[in-house]
Amino acid sequence: MSEEITNEKAWSGDNAYLQSIDAVETALKTDRQQGLTSEEARRRLETYGPNVLEEDEKTTWLQRFVDQFKDFMILILILAAIVSGAMGEMLNAIVIIAIVVINAVLGVLQEGKAEKAIEALQKMSAPHARVLRGGSDQSIDAADLVPGDVVLLEAGDVVPADIRLFESSNLKAEEAALTGESVPVEKFALAEFSEPVGLGDRDNVVFSGTAITYGRARGIVVGSGSATEMGKIASQIKGITQEMTPLQRSLNQLGKVLGIIVLIVCAIVFFVGLLQGGEILTLFMTAVSLAVAAIPEGLPAVVTIVLALGMNRMASKNAIMKRLLAVETLGSVDTICSDKTGTLTQNEMTVTRIYANNRLYEVSGSGYDPSGEIKHETGVVDSESDRVLKRLLSIGVLNNDASLKEGEDGYWTILGDPTEGAMLSAGAKGGIDHQTAVKTHPRVDELPFDSERKMMSVFHDTFEEGAVSLTKGAPDIILSNSRYELTDQGEIELTDERRQAILKMNDQLAAEALRVLGFAYKHHADNKFETAESDMVFVGLMGMIDPARPEVKSAIEVCKNAGIRAVMITGDYKETAVAIANDLKLRDEDDYVLTGAELDRMSDDDLEKVVEETSVYARVSPEHKVKIVSALKDRGHTTSMTGDGVNDAPALKQADIGVAMGITGTEVSKGSADMILTDDNFATIVSAVEEGRVIYSNIRKFVSFLLSCNVGEILVIFIANLILGPQYTPLVPIQLLWLNLVTDSFPALALGREKGEDDIMLQPPRPKHARILDRTMIWTIIVQAIAILSAVFAAFQVGRMLYPDVAASGGALAPAFSFLPLDGYLPSNGARTFAFITLILAELLRSYSARSEHMTVFHLGLFTNPTLNKAFLLSLVLTLAVVYVPFLDPLFHTISLNFRDWGVILGLAFIPFVVGELFKLIFRGRGFRSHSDEKTV
């Protein structure tokens, strides 16, 4: 870059790792020895802006409240309330508006916090930074860093910006949250690249938000603020819009269908009424009655409450849902894209193999917990019975700067390098305690690890044989610097044959994706350690890995049985990813494995062609993860992305369901996710998916129940108006509101608490665009609505016969019953009470039949849903109040019923229940099959 850096955002550090440090220094017009001047730094701060991430605009409580009213069905309810108010039915209008507002408040309260992703990313930034300004070492606010600043780094620092290194000494950086690496990665200022590589392979750059765990370095800032890799992730998070859930799409579609039905039926009734000579005011009230009958006013509230109850059940099972409607979406997930490190694995290095004295040992246990055993084919061994093993474990424990700590909850954590923590745990399993060993053999001196030597040596003078140096390092380097090998027979000379056998074992362990270290020692009779790393005595090898979580394998098996495919997406190496995938049986033999470099060469169309057969993606960047999730969604899959790192955040937000880890997960991943696992257990996802399926199944049950009741009400009013005329409407608006909001809502809520089917996790996921109002539900609604119409219309006519019509002018009774309408007369409150109470009881009984789409209530057990039993009794009590409390009779147009009346009403009310049960038996033929045979349609 030859021009002056005066244009805003003129410099881009994306490819700084490909350039020589001289080129970077020249392009940024800085000085490695002096840094920028204070004046130049101020000028660049104005050009580039502060080294902070741009905050996203927060959604206010009021905005979230208003969003609750964007549902089509809610809008229809508001319209019905306006029409009711305009027609003078203020009570109807107030009740409807109250329900809408209560539903909106419930939705806002349950959805909880606003998104915290950007704030969390800012918290990960370093508050201060050491820089060279005008040749002097200064500590400044990290926000004041600019491209061209020279930054000084040492162990314990959080990297304040993206920095191109020009000087480094034994530098290691913890990049797990950004790249998915299981262990700190070595960084080399002198590393050079001739072609583009992924983030995890850019050895001459350290990234903002990562941590320096070892060594020291100096470098030039090449990216600050939103131009850092962390900033790009923040931009991706902001750029991803939240899609509608399957349930939202279904309910919106349902609302539109109901809206069209309301308009058509209202228009027909209105114009037919005009042709019959009806009054316009009466016809308007009839239209309002139809609108009230057609819309299940309680449905939005019932859906909200059932989802909220589902959230509470999930929380008790360690899965916290952040978004209410996402609860149901879980039930349709057919692909889980999971990060490896910390999700499928424990993010804790563990020694699993030891090779010494030509013997291969297996090490049990997991994580840093020192509980476990070291086994050979002859059985369990310890350091006291195996002198070679004892020396190997001693080297691992003493040549070590880490320490293990047990928490109050019994969970072991590490202070220091994960590899060294794994060696301490292995030593404890073999009977060598770290604290005791350090006190017995204090360190005299050391040769720190060096990237050129690839070894580390420590010196002790308290061993029985005198002064000893203990060395660990790369197996091939250790072996090439060893002259002897420790065996049961003592120290014997290493032959070429033994060297080849050891190297072969090293290759074998590496092929299992184990990280292998070699161990050796040397005697120093003169107490001089200058030649410590030559002519050593080779002891053995340790192979370690970030192991799979023990519960994940069975969870993946359950996922397969449920038709859910698990896919691993990781920033780790291909060999490691494949080994873990094979161990978990996540990958089939003929599945593809793709790397980030291969993804870079593929178009979106190319990826879509192979995404169905690819189960492992390795060495990927955050952009790749989003690309993979997008390709799966484009193929029609409902995807869940599971992860815990910063690098997972964009894909978590892009997925239909983002799942973050609550313990090891970063605040960024939690902020971007829909669900947080408080126990970091992959198996909890399976439990959550099952709960999501149960919730959706129950939503179908109460939607079917409510709609069959509402369609029945429509038919009653519609048919009565066609046959008898608008003045003979069997039900008035206040009665319909009572039905829809009170007596129907309690049983609907109880259906939302129905237990799941026994085989619900043996069924395939429902298609992404499956309609809640499918063929099965439509036929159920039609049959039930006709049965309700028959029962209620019959009850109305019987009521007219027992309680004659009254004159519209003065209240005189009709001289005789007529099936057809009588001019100048209106139905009595007695007839309307017959229709009203018959409809209530029919719907209450119908709720028991709605417990399953295929199985009879007698197979399920008549009273096996205690919540439904309580809801039935509560609704029945409220119904009796409407009939027998005197001051409610005028409000609801009812009268007190006698025993004769109840006998007629009960007989008719059972008709829809009996028809529903017969419909299952005759047309489904499955009523008496076992529960495990039932399938979802």
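Look above for the structure.
Nothing here was measured: the structure is a model prediction, and the numbers come from that model. (Residues numbered from 1 in each chain as written. Predicted model: local features only at pLDDT ≥ 70, side-chain atom pairs only at ≥ 80, totals over all residues. Heavy atoms only, no water.)

Q: Is there a simple way to think about a negative patch on the surface in this case?
A: Taken together, the side chains of D588, E589, D590 and E613 make up a negatively charged region of the molecular surface. Mapped onto the elements of the fold, E589 is located in the loop between α20 (574-583) and β24 (592-595). What makes E589 exposed here is its relative accessible area of 77%. (Patch = residues over 30% accessible without salt bridge, like charges linked within 9 Å, V, L, I, M, F, W, Y side chains within 5 Å. Areas by Shrake-Rupley, 256 points an atom, 1.4 Å probe, with all protein chains shown as cover. Salt bridge = Lys/Arg side-chain N within 4 Å of Asp/Glu carboxyl O. Lys, Arg positive; Asp, Glu negative; His and termini not counted. Charge placed at Lys NZ, Arg CZ, Asp CG, Glu CD. Helix = DSSP H or I, 4+ residues; strand = E, 2+ residues; numbered from the N terminus. Buried < 20%, exposed > 50% of the residue type's maximum accessible area, 1.4 Å probe, protein only.)

Q: Can you help me understand helix α32 (residues 866-884) in this one?
A: One full turn of an α-helix is made of 3.6 residues, so residues set three or four places apart face in the same direction. For α32, with 19 residues, the first-to-last C-alpha span of 27 Å sits near the 27 Å given by 1.5 Å per residue. Looking only at α32, the buried set comprises L868, N869, A871, F872, S875, T879, V882 and V883. The buried residues of α32 occupy an angular sector of 160° when the element is viewed end-on, so they sit on one face. Opposite its buried face, α32 presents the exposed residues K870, L873 and V877, each directed more than 90 degrees away. Looking at the packing, one finds that the buried side of α32 touches α27 (733-743), α28 (745-751), α30 (829-849) and α33 (889-892). Taking the backbone nitrogen of T867 as reference, a side-chain oxygen 3.1 Å away marks N865 as the first, capping residue of α32. (Expected span 1.5 Å × (residues − 1). Arc of directions from axis to C-beta. Contact = heavy atoms within 4.5 Å. Polar contact = N/O pair within 3.5 Å; in protein donor to acceptor, adjacent residues only side chain to side chain.)

Q: Would you explain the packing of aromatic side chains in this entry?
A: Remark: the centre distance and the inter-plane angle together describe each pair of aromatic rings, the angle taken between the planes. Counted by the stated rule, this structure contains 8 aromatic pairs. Summarising the aromatic geometry, the rings of Y803 and F834 are spaced 6.1 Å apart at their centres and angled 55° between planes, so their arrangement reads as tilted. Of the two residues, Y803 is situated in the loop between α29 (775-802) and β29 (806-807) and F834 in helix α30; the sequence distance between them amounts to 31 residues. The pair Y803 / F834 is uniform in exposure class, with both members buried. When the centroid spacing of 6.4 Å and the interplanar angle of 80° are considered together, the rings of F910 and F913 count as edge-to-face. Of this pair, F910 and F913 both sit in helix α34 (residues 899-924), 3 residues apart, which is roughly one turn of the helix. Taking the relative accessible area as the measure of exposure, F910 reaches 38% and is therefore partly exposed. A residue is classified by how much of its surface remains accessible, and F913, at 11% relative accessible area, is buried. Grouped by ring-pair contacts, the aromatic residues Y848, F863 and F872 constitute a single cluster. Above the plane of the ring of F166 lies R32, whose end atom (NZ or CZ) is 6.0 Å from the centre. (Phe/Tyr/Trp six-rings, centres within 6.5 Å; stacked < 30°, edge-to-face > 60°. Lys NZ or Arg CZ within 6 Å of the ring centre and 35° of its normal.)

Q: Can you help me understand the sheet that holds strand β23 (residues 565-569) in this one?
A: The pairing of strands in a sheet happens through backbone hydrogen bonds and is either parallel or antiparallel. With mixed pairing, the 8 strands of this open sheet are ordered in space as β8-β28-β27-β26-β9-β23-β25-β24. Looking at the sheet topology across the chains shown, the edges are occupied by β8 (319-321) and β24. Within the sheet, the average angular offset between the axes of one strand and its neighbour, ignoring direction, is 20°. Bridge count between β8 and strand β28 (residues 675-677): 3 bridges; the pairing is antiparallel. Within β28, the position partnered with I320 by the bridge is I676. Running at roughly 160° to strand β26 (residues 639-643), helix α23 (residues 622-634) makes contact with β9 (335-338), β23, β25 (614-618) and β26 of the sheet. (Pairing = 2+ DSSP bridges. Axes fitted to C-alpha atoms, helices over the stretch in contact; angles between N-to-C directions.)

Q: Just to check I follow, could you spell out unusual backbone geometry for this structure?
A: Negative phi values dominate among residues other than glycine, just as trans dominates among peptide bonds. Phi at N318 takes a positive value of approximately 75°, unusual for a residue other than glycine. Residue placement: N318 occurs in the loop between α11 (299-316) and β8.

Q: Is there a simple way to think about the packing of helix α26 (residues 682-724) against α30 in this case?
A: To characterise two packed helices, one gives the angle between the axes of the helices and the distance between these axes. Orientation of α26 relative to α30, taken along the N-to-C sense of each, is 155°, at an axis distance of 10 Å. Relative to α30, the element α26 lies roughly antiparallel. Crossing of α26 against α30: the hand is right-handed. Contact with α26, carried on its side by S704, F705, S708, C709 and E713, involves L839, E843, R846 and S847 of α30 and no other residues of that element. The residue makeup of the contact of α26 with α30, split by class, is 3 nonpolar, 3 polar and 3 charged. (Parallel < 35°, antiparallel > 145°, perpendicular 65-115°, else oblique. Left-handed = near helix turned anticlockwise from the far one by under 90°. Nonpolar A, V, L, I, M, F, W, Y, C, P; charged D, E, K, R; others polar.)

Q: Help me understand helix α19 (residues 552-561), please; the structure alone is not making it clear to me.
A: Considered for burial, the residues of α19 that qualify are V552, A555, I556 and C559. The arc enclosing the buried residues of α19, seen along the axis, measures out at 100°, which places them on a common side. In this structure, the buried residues of α19 make contact with β9, α13 (340-344) and α26. The positive-phi residue at the C-terminal boundary of α19 is G563, with phi of around 80°.

Q: Which parts of the structure should I look at to understand the pattern of salt bridges?
A: Any two side chains of opposite charge can pair, so long as their charged atoms come close to each other. Tallying each qualifying case throughout the model produces 33 salt bridges. Between E533 and R453 there is a salt bridge whose closest N-O contact spans 2.9 Å. With E533 in the loop between β21 (515-523) and β22 (536-545) and R453 in the loop between β16 (445-447) and β17 (455-463), the pair connects residues that are 80 residues apart, well separated along the chain. For R453, a relative accessible area of 25% gives the class partly exposed. Between R851 and E754 there is a salt bridge, with the nearest N and O atoms lying 3.0 Å from each other. Here the residue R851 occupies a position in the loop between α30 and α31 (857-860), and E754 occupies one in the loop between α28 and α29, the gap between them amounting to 97 residues. Exposure remark for R851: the relative accessible area of 3% places this residue in the buried category. Connected through salt bridges with shared partners, the residues D22, E25 and R32 form a single ionic network.

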